[in-house]
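Now for the letters of each chain:
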Amino acid sequence: MAQQFGLGRRKFIVYGSAALGTSLLIKGCAPATETGGGGTTAGGGETIKVGILHSLSGTMAISEKSVVDATQLAIDEINSAGGVLGKQIEPILEDGASDWPTFAEKATKLIDQDQVVVVFGCWTSASRKAVLPVFEAKNHMLWYPVQYEGQECSKNIFYTGAAPNQQIEPAVDWLLENKGNKFFLVGSDYVFPRTANTIIKAQLAAKGGETVGEDYLPLGNTEVTPIITKIRSALPDGGVIFNTLNGDSNVAFFKQLQGAGLTPDKYPTMSVSIAEEEVQAIGVEYLKGHYAAWNYFMTVDTPQNKAFVEAFKAKFGENRVTNDPMESAYIAVNLWKQAVEQAGTADDLEKVRQAAIGQAFDAPQGSVKMFPNHHISQTVRIGEVGDDGLFKIVYATPQPVDPLPWNQFVAETKGFTCDWTRTDVDNPGQFKMEGA
């Protein structure tokens, strides 16, 4: 059963994406059958059927198509190398249509009708929260590729995006050390920004920082002038802006921030939802000198990233860029493939779940490993937007950071942990750490 704190989330972004991979299928199959691992599966045929569930239409489509592309790249590479357990992966694509009930409906269809053995998908926490009861009721498996607000740990989900201690918290620490201790928090008005800012305020209070202001805009609202006025009033001599705005609000925000003279030399802005494609959409001229925190940037200097970027451009076009959620999706497919091979089956989901824990992968960002809490270790990076619209990496942790889904600054979850290998506790999804 999922353990959770908060509800939905997250990004309504405008950025470019090319057409989807041609080998994706949208179709139905025979009625489902149950397996020993719980849920419905289709690994016993000539192919191994997997679901891809993202928004191909509606507000989120322009964001999620890029993640579908990265998922397809991983599948194509695996198939070209011989597949999994001697079988080709057959992806079945469903459109969540940027509508959370539709996500739940399509998840049910993929499991019951198409009999997939796993689903890769969702972007917003709203969509993840909508499908979570489906995966838990059917004891099935979702791999979720986007950084999120944490405060959740489900047996049926594997999270390959960052937990807050792998993105938000290190960004605050870096800002305190390098940019000042007075923070204005601005975000979109829903759970991800509000939960993130709850964490940030608690962290600042614990570390000698000061929250001088906090304000929110409804999703899609571009009336940012009142917020700009509040920032100038609260920080007349400059200070840090921590930004959890999403979508069109970011376009208006950064344009008016610059127009009001709140430039990054005095008002450095740290964003946690702006990556390479968002920079292109908003305009480099408005974002140059500002910062973002992620685990992966296109500029990461590893042989694995060079190969990843080259392969992605070769498949989808030289003008395309890669970003963190795309890399997380690529990681997810590869870790799942390794778990299936170790388990010796794609059908027995319990065996695959057990085999997934401990899997390591030389990802484009660097080495990652799946932990017993179903989250992966991640290298934390801070990037500064340059003239070319890419991120110059100004900080990176020397080693990958272990994931902590339950936040240790928030009073309600301080001291809690998650470990799905534990059999000696009543609730492996949320229990007190020894000594806490």
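What comes next concerns the included structure.

Basis of the calculations
Residues numbered from 1 in each chain as written. Predicted model: local features only at pLDDT ≥ 70, side-chain atom pairs only at ≥ 80, totals over all residues. Heavy atoms only, no water. Helix = DSSP H or I, 4+ residues; strand = E, 2+ residues; numbered from the N terminus. Buried < 20%, exposed > 50% of the residue type's maximum accessible area, 1.4 Å probe, protein only. Contact = heavy atoms within 4.5 Å. Areas by Shrake-Rupley, 256 points an atom, 1.4 Å probe, with all protein chains shown as cover. 1 Å grid on protein atoms, 1.4 Å probe; cavity = no way out; pocket = protein on both sides within 12 Å on 5 of 7 lines; lining within 4 Å. Points joined across faces, edges and corners; volume = space filled by probe spheres on them. Nonpolar A, V, L, I, M, F, W, Y, C, P; charged D, E, K, R; others polar. Pairing = 2+ DSSP bridges. Axes fitted to C-alpha atoms, helices over the stretch in contact; angles between N-to-C directions. Core = buried A, V, L, I, M, F, W, Y, C linked by side-chain atoms within 4.5 Å. Parallel < 35°, antiparallel > 145°, perpendicular 65-115°, else oblique. Left-handed = near helix turned anticlockwise from the far one by under 90°.

## A word on the overall build of the chain
Looking only at helices and strands, the chain has 12 helices and 18 strands in total. Looking at the chain as a whole, 59% of its 436 residues are labelled buried. Contacts in the chain between residues far apart in sequence, at least 24 positions, make up 71% of those at least 6 positions apart. As displayed, the chain has an accessible area near 15200 Å², and 50% of this comes from carbon and sulfur atoms.

## Considerations on empty space enclosed by the protein
Evaluated as defined, the whole model comprises four cavities of 30 Å³ or more. Contributing to the lining of the second largest cavity are P164, N165, E169, L404, P405, W406, N407 and Q408. By residue class, the composition of the lining of the second largest cavity is four nonpolar, three polar and one charged.

## Topic: the sheet that holds strand 16 (residues 391–396)
Overall, mixed pairing links the seven strands, which are arranged 9-8-10-11-12-15-16 in an open sheet. The sheet is open, and its two borders are formed by strand 9 (210–217) and strand 16, each paired with just one other strand. When the angles between neighbouring strand axes are averaged without regard to direction, this sheet yields 25°. Here strand 11 (residues 269–271) pairs with strand 12 (residues 291–294) via two bridges, running parallel.

## As for the environment of E152
Secondary-structure assignment places E152 in strand 6 (residues 152–153). Judged by its relative accessible area of 0%, E152 falls in the buried class. Taking C-alpha positions, E152 is 9.7 Å from N407, a pair spaced 255 residues apart along the chain.

## Focus on the nonpolar core
Core analysis: the biggest nonpolar cluster contains 96 residues, and V50, W143, I231, F253 and W336 have the highest contact counts within it. Counting residues per element, this core draws most heavily on helix 11 (residues 324–343), which supplies 10 residues. Discounting chain neighbours no more than four positions away, the residues touching V50 are I75, I89, E90, P91, I92, V116, V117, V118, F120 and W336.

## Some thoughts on the packing of helix 4 (residues 168–178) against helix 5 (residues 191–207)
In contact at an axis separation of 10 Å, helix 4 and helix 5 are set at 45° when each is read in the N-to-C sense. Comparing the axis directions of helix 4 and helix 5 gives the class oblique. The hand of the helix 4/helix 5 crossing is right-handed. Contact residues: I168, E169, V172, D173 and L176 in helix 4; F192, A196, I199, I200, Q203, L204 and K207 in helix 5. Per-class residue counts for the contact of helix 4 with helix 5 are eight nonpolar, one polar and three charged.

Structural measurements only, silent on function.
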